[in-house]
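Take a look at the letters that make up each chain.
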Amino acid sequence: MRRRKKKTTNNNDNVQLDSRLAKQIDESLEGNLTVIKKTLGDASDLVIRRMTLNSSNKIKGAVLFIDGLVDKTSVQDFILEVMMVEVPPENISLAHVYDEIKDSALPIGEITETNKLDDLLLRLLSGETLVLLDNETRALSASTKGWKDRGVQETTSESVIRGPKESFTETLRTNTALVRRKIKNPNLRIDAKKIGKVTATDVAVLYIEGTADESVVKELHARLDKIDIDGVLESGYIEEFIEDPPYSPFPKVYYTERPDSIAGGLLEGKVAIVTDGTPNVLLVPALFVNFMQSSEDYYQRYDIGTFIRLLRLFSFVIALFMPSLYIAITTFHQEMIPAPLLINLAAQREGVPFPAFVEAVLMEATFEILREAGVRLPKAVGSAVSIVGALVLGESAVQAGLVSPAMVIVVALTAISSFVFPSYNMAIPVRMLRFSLMILAATFGLYGIILGLIALVLHLCSLQSFGVPYMSPFAPLVPKDQKDVLVRFPHWGLLSRPSATAHKNEKRTSGRNQPKEGSK
Amino acid sequence: MNNKTISARQFMYLVILFLIGSSILIIPGPLAAGAKQDGWISAILGTVIGILLVHLYHKISITIGNKTFVEAAIDIFGNWFGRIISFFHLSFIYILAALVLRNIGDFMTTQMMVETPLQYTHILFLLVVILGARLGIETIGRSAEMFITWMIILLVFLFLSLTPQLDINNLKPMFGSGLRSITSTSLTVIGTPILEMVIFLMIYPQVKEKSKAKHAWLIGLLIGGGFLTLITLFSILVLGSDLTALNEYPIYELATKINIAGFLEGLEIIVAIVWMLTIFFKLVILYYASSLGIAQFLKIDDYRILLLPLGMGMVVLSIIAYPDVAYFESFVNSTWLPYATMHGFVLPLLLLIGAIIKKKKQESGRSRK
């Protein structure tokens, strides 16, 4: 009840704001300027340059822009100079000044005409420059966007040894250009959207028409249009709105800051979502296996690519099950351990006051704390954290008799394994599920772990990402897609795109182009 | 109500897992006890008879159209008599599920987790089964695809690592126990996993490609039966027929004998894992079928609301079903076969006859018009 009330008041706010702005542009220039100034609350970064265009006819005009959002030289050279010095010619009639300016005077690429105040204001706030004339109900908006941005730099979170080093930036246009530069195909579609009632964040939806599944594109548009939120500051906001079932720890939207990963995804028939203000670009539909693959798999030779993929899967299993297996085996199933090792372990654990479960939780929790501390700290202090972690907590905890050395090895191996995944967001469910598996192992031993595994697989098999089964191409099994999942065939052997996302246009190469031995 | 479907391949995997589940540990003992060193021949014989049964079941499902056993029975025999038949069918599934649950509980509490009380083992297992049944047949089919590879790899690994211990003399004399004893022992295989396949009549309408479904069922039967034969064969080859017959879980005993390079020991856990995986699928199929059937019996739209109450009942039923293992063994040997024949053969046959008569009547009625 309370929530509903809140919602209606919110709506009222918006209605009021809209009623003031939905108006058409007034004939009087001063009237328009007053409304804009008032709406922006006399903002200090709003620049209004009034001018008289034609000395004989005394046409009044004004140029408006927000300082800092526009490229000042282009405003100076292509708008102010043109309007004040060059146009309009002496003999032009009052009625034709506007058309003259619009059609032939302004040397700027993108010019839009509008007669709505709210539209005008949105353009002003997006960094465009407005041209208003007295006695004219239309206004011009020239695209002069230009602000300080970071520039295309080397990726920090997904570095590779071989492959492009560039990464996305915070500017939407730069990001779409980075993708366009990789895919020079007329079928690459870039649909624009604005999301967020207050922030009006620019969002672009990218896909290759003819390869991407239309139903996925349509569904994505529908889900994006349904988003009702005041602000979008990062693509994570959008991710949570378009995710399939919201209650699952597993990520169902892939994000990356590498343009080559996005281009690869688009070629497989996926759809990318670029959000202004963040270098993290989303990619849907995302399947479980996508989080286990890195773009470098395709740049290195196929044999090492295959080996590394298998290694990643192995580390996934270790990161998820290692501590719980250790707990289960040392507590319930000692008969599984060969006798000499068992004696060794027992001797180590002799002085340890806790059961294996408490020991493991203690160490895992410590590790999670260290890890979180390391992420947030500046680089200089970061090394201090690793010293504390390695020496104080590892070495001394063993010497103090709080944990056994074997447990330190287990926790360290688990920790290292969880860093192997190329996607940070696949490591998150592993980190969390590890603890519940440890509880199962401590209460029911291997029985509990296996049941946990079955429940986990059931859950994974029930998930979908935009209608595509999450575990495909394993379940449902697609034999011909196995060539690029756990193993990677050489590029001349990757004959088709994955059918889960690109069933419309599967053919990747025209046929057998395997290099022949000895041919010249 | 539930228009989710599974592919023919997934159905085949479910048949394999269903046949191996629970039988893998239980079957070799009675087979070796009945037919001595020829127990594995009985397993083959049972599988061959299974082929005929699959033909019968397929014929039924073709005749009753896209309906489950319960829907068809009510449709053909009317509200009352049809419900009585459905009641027997459902009670068979439900009791079988409770027995299967008890199997895993018995195994766990005697072999692996000696100190854990039986009911907690049951409750934990059933929770996962309920999760599976809740997610529906589509998810179950997909998970079967995920697990079947692992299960087969583990079983093949088990067989390979046992090869040094095989003693061909254990099989001699072949056919020494006589044809009569081989035939009568094969009834054990027919009773325990083969006739139980009747419950697939509850799931069959949800298999997508009907033309491939029969083929999938037959292949599934052959692979599942093949594994049962291999397991019996290996038990006899390694342990000899007497030890196999004496042991409650011969294949588990078998795995304890594996020793690779002096450090890879204690591989009986592989058997436990395979068994848990397969029995999970057997139980989840049974549980799904029984809750779906009861929902159709009671004309409830969504079977999911029945899952928890049925589960509570099943935990109790599985514990009071029999007092001890000795009772269970005599129950399986003397009572189960007629019971399973009644529900796995006679009732479906009745349904088939009813369906054919009804169809004939309809056709003649139509032609008269």
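Starting afresh in each chain, residues are numbered from 1 along the sequence in its written order. Whichever chain is written first becomes A and whichever ligand is written first becomes 1, with later ones labelled in order. Local features are withheld for residues below a pLDDT of 70 in this predicted model, meaning they are given only at 70 or higher, and side-chain atom pairs are given and counted only at 80 or more; totals for whole chains, interfaces and linings count all residues.

## Description of the overall build of chain A
Here is step 1: In DSSP terms, a helix is any run of H or I states spanning at least four residues, a strand is any run of E spanning at least two, and both are numbered starting from the N terminus. In terms of helices and strands, chain A carries 17 helices and 12 strands.
Here is step 2: Radius of gyration here uses only the C-alpha atoms, and the compact-globule reference equals 2.2 Å multiplied by the residue count raised to the power 0.38. What you see for chain A is a C-alpha radius of gyration of 30 Å, clearly larger than the 24 Å of a compact globule of 520 residues, by over 25%.
Here is step 3: With the principal axes as the frame, chain A shows a C-alpha extent of 105 × 65 × 50 Å.
Here is step 4: Evaluated residue by residue, chain A yields a buried proportion of 35% over its 520 residues.
Here is step 5: Looking at chain A alone, contacts between residues at least 24 apart form 65% of all its contacts between residues at least 6 apart. We call a residue exposed when 12 or fewer other C-beta atoms sit within 10 Å of its C-beta, buried when the count reaches 20 or more, and partly exposed for counts in between; the C-beta positions come from the backbone. Placing C-beta atoms from the backbone, we regard two residues as in contact once those atoms come within 7 Å.

## Comments concerning the overall build of chain B
Here is step 1: Counting secondary structure elements, chain B contains 14 helices and 0 strands.
Here is step 2: In chain B, the succession of helices and strands from N to C terminus is α-α-α-α-α-α-α-α-α-α-α-α-α-α.
Here is step 3: Expected size for 369 residues packed as a compact globule is a radius of gyration near 21 Å; at 21 Å, chain B falls within 12% of this value.
Here is step 4: For the C-alpha atoms alone, the extent of chain B along its principal axes is close to 80 × 45 × 35 Å.
Here is step 5: Here the analysis covers contacts within chain B between residues at least 6 apart in sequence; of these, 83% occur between residues at least 24 apart.

## Things to note about the sheet that holds strand S5 (residues 139–143) of chain A
All names here are of chain A.
Here is step 1: The pairing criterion for strands is at least two bridges between them, as found by DSSP. If you walk across this open sheet you meet the 5 strands as S1-S2-S4-S5-S3, and the pairing is antiparallel. The open sheet has two edge strands with one neighbour each: strand S1 (46–52) and strand S3 (111–114). Ignoring strand direction, the axes of neighbouring strands in this sheet form an average angle of 20 degrees.
Here is step 2: By the bridge criterion, 4 bridges tie strand S2 (residues 60–66) to strand S4 (residues 128–133) in an arrangement that is antiparallel. When the sheet's bridge partners are listed, Ala62 is paired in S4 with Leu132.
Here is step 3: Simply put, an axis is a line fit to the C-alpha atoms, just over the touching stretch for a helix, and the angle between two N-to-C directions goes from 0 to 180 degrees. Its contacts with the sheet place helix H3 (residues 72–86) against S1, S2, S4 and S5, and it is angled at close to 170 degrees to S2.
Here is step 4: Contacting S2, S3, S4 and S5, helix H5 (residues 117–125) crosses the sheet at an angle of about 140 degrees to S4.

## Some remarks on the interface of chain A and chain B
Here is step 1: Between chain A and chain B, the residue contacts involve 23 residues of the former and 25 residues of the latter.
Here is step 2: At 13 residues, the largest contribution of residues to the side of chain A that touches chain B is made by helix H16 (residues 424–462) of chain A.
Here is step 3: Partitioning the side of chain A that touches chain B into residue classes produces 19 nonpolar, 3 polar and 1 charged. Residue type decides the class: Asp, Glu, Lys and Arg count as charged, Ala, Val, Leu, Ile, Met, Phe, Trp, Tyr, Cys and Pro as nonpolar, and the leftover types, Gly among them, as polar.

## Focus: the domain arrangement of chain A
Here is step 1: Taken domain by domain, chain A consists of domain 1 (19–143), domain 2 (172–286) and domain 3 (301–469).
Here is step 2: Domain borders in the structure are assigned automatically or taken from a domain database. Summarising the inter-unit geometry, the C-alpha centres of domain 1 of chain A and domain 3 of chain A are found 63 Å apart.

## Here we look at the sheet that holds strand S9 (residues 271–275) of chain A
All names here are of chain A.
Here is step 1: The sheet built from 5 strands is open, its strands ordered S6-S7-S9-S10-S8 with antiparallel pairing. The two strands at the open ends of the sheet, each matched to only one other strand, are strand S6 (188–195) and strand S8 (254–256). For this sheet, the mean angle separating the axes of adjacent strands, direction not counted, is 25 degrees.
Here is step 2: Note that S9 and strand S10 (residues 281–284) share 3 bridges and pair antiparallel. If you follow Ala272 over to S10, its bridge partner there is Leu283.
Here is step 3: Helix H6 (residues 172–182) rests against S6, strand S7 (201–208), S9 and S10 of the sheet, and its axis sits at about 10 degrees to S7.

## Let's talk about the environment of Arg142 of chain B
Here is step 1: Following the sequence through the fold, Arg142 of chain B ends up in helix H7 (residues 137–162).
Here is step 2: As for Arg142 of chain B and Ile74 of chain B, which are separated by 68 residues in sequence, their C-alpha atoms are 31 Å apart.

## Observations regarding the confidence of the model for chain A
Residue and element names in this part refer to chain A.
Here is step 1: pLDDT measures how confident the predictor is about each residue, on a scale from 0 to 100. On average, residues of chain A score 86 in pLDDT, and 93% of them are at 70 or above.
Here is step 2: Within chain A, no element has a lower average pLDDT than helix H1 (residues 2–21), which sits at 45, and none a higher one than S9, at 96.
Here is step 3: This stretch, residues 1–18, has a pLDDT under 50; its non-local contacts, to residues over four places away or in other chains, come to 1 contact.

## Some words on the confidence of the model for chain B
In low-pLDDT segments, the atomic positions of the prediction should not be examined closely.
Residues and elements named next belong to chain B.
Here is step 1: The predicted model of chain B has a mean per-residue pLDDT of 90, with 98% of residues at 70 or higher.
Here is step 2: Mean pLDDT across the elements of chain B bottoms out in helix H2 (residues 23–26) (84) and peaks in helix H13 (residues 307–320) (95).
Here is step 3: In the predicted complex, the global pTM is 0.90; the interface-specific ipTM is 0.93.

## Overview of the pairing of S6 of chain A
All names here are of chain A.
Here is step 1: Looking at chain direction, S6 and S7 are connected through 8 bridges and run antiparallel. What sits directly across from Lys193, in S7, is Val203.
Here is step 2: Taken together, S6 and the strand that follows it, S7, pair antiparallel across an intervening segment of 5 residues, in which Gly196 is found at a positive phi of about 105 degrees.

## Considering the environment of Met426 of chain A
Residue and element names in this part refer to chain A.
Here is step 1: By the secondary structure assignment, Met426 is in helix H16.
Here is step 2: Under the C-beta neighbour-count criterion, Met426 is labelled buried, with 21 such atoms within 10 Å.
Here is step 3: In contact with Met426, other than residues within four places in its own chain, are Pro251, Phe291 and Phe421.

## Describing the UniProt feature "transmembrane region" (unreviewed entry) in chain A
All names here are of chain A.
Here is step 1: Sequence positions flagged by UniProt for "transmembrane region" (unreviewed entry) are, in local numbering, residues 310–332, 400–421 and 433–458.
Here is step 2: Between the first and last C-alpha atoms of residues 400–421 the distance is 34 Å; the span itself is 64% helix and 0% strand.
Here is step 3: For residues 433–458, helix accounts for 100% and strand for 0%, while the C-alpha atoms at its two ends are 14 Å apart. UniProt positions are given in the numbering used here, feature names are shortened, and annotations may be inferred rather than shown by experiment.

## Looking at the packing of helix H3 (residues 28–35) of chain B against helix H9 (residues 210–239) of chain B
What describes two packed helices is the angle between their axes and the distance between those same axes.
Residues and elements named next belong to chain B.
Here is step 1: Between H3 and H9, the least distance of the axes is 10 Å, while the angle of their chain directions is 65 degrees. Relative to H9, the crossing made by H3 is right-handed. The residues of H9 that touch H3, namely those facing Pro28, Leu31 and Ala32, are Ile231, Thr232, Ser235 and Ile236.
Here is step 2: The class makeup of the residues in the contact of H3 with H9 is 5 nonpolar, 2 polar and no charged. Less than a right angle of anticlockwise turn of the near helix away from the far helix marks a crossing as left-handed, whereas a clockwise turn marks it as right-handed.

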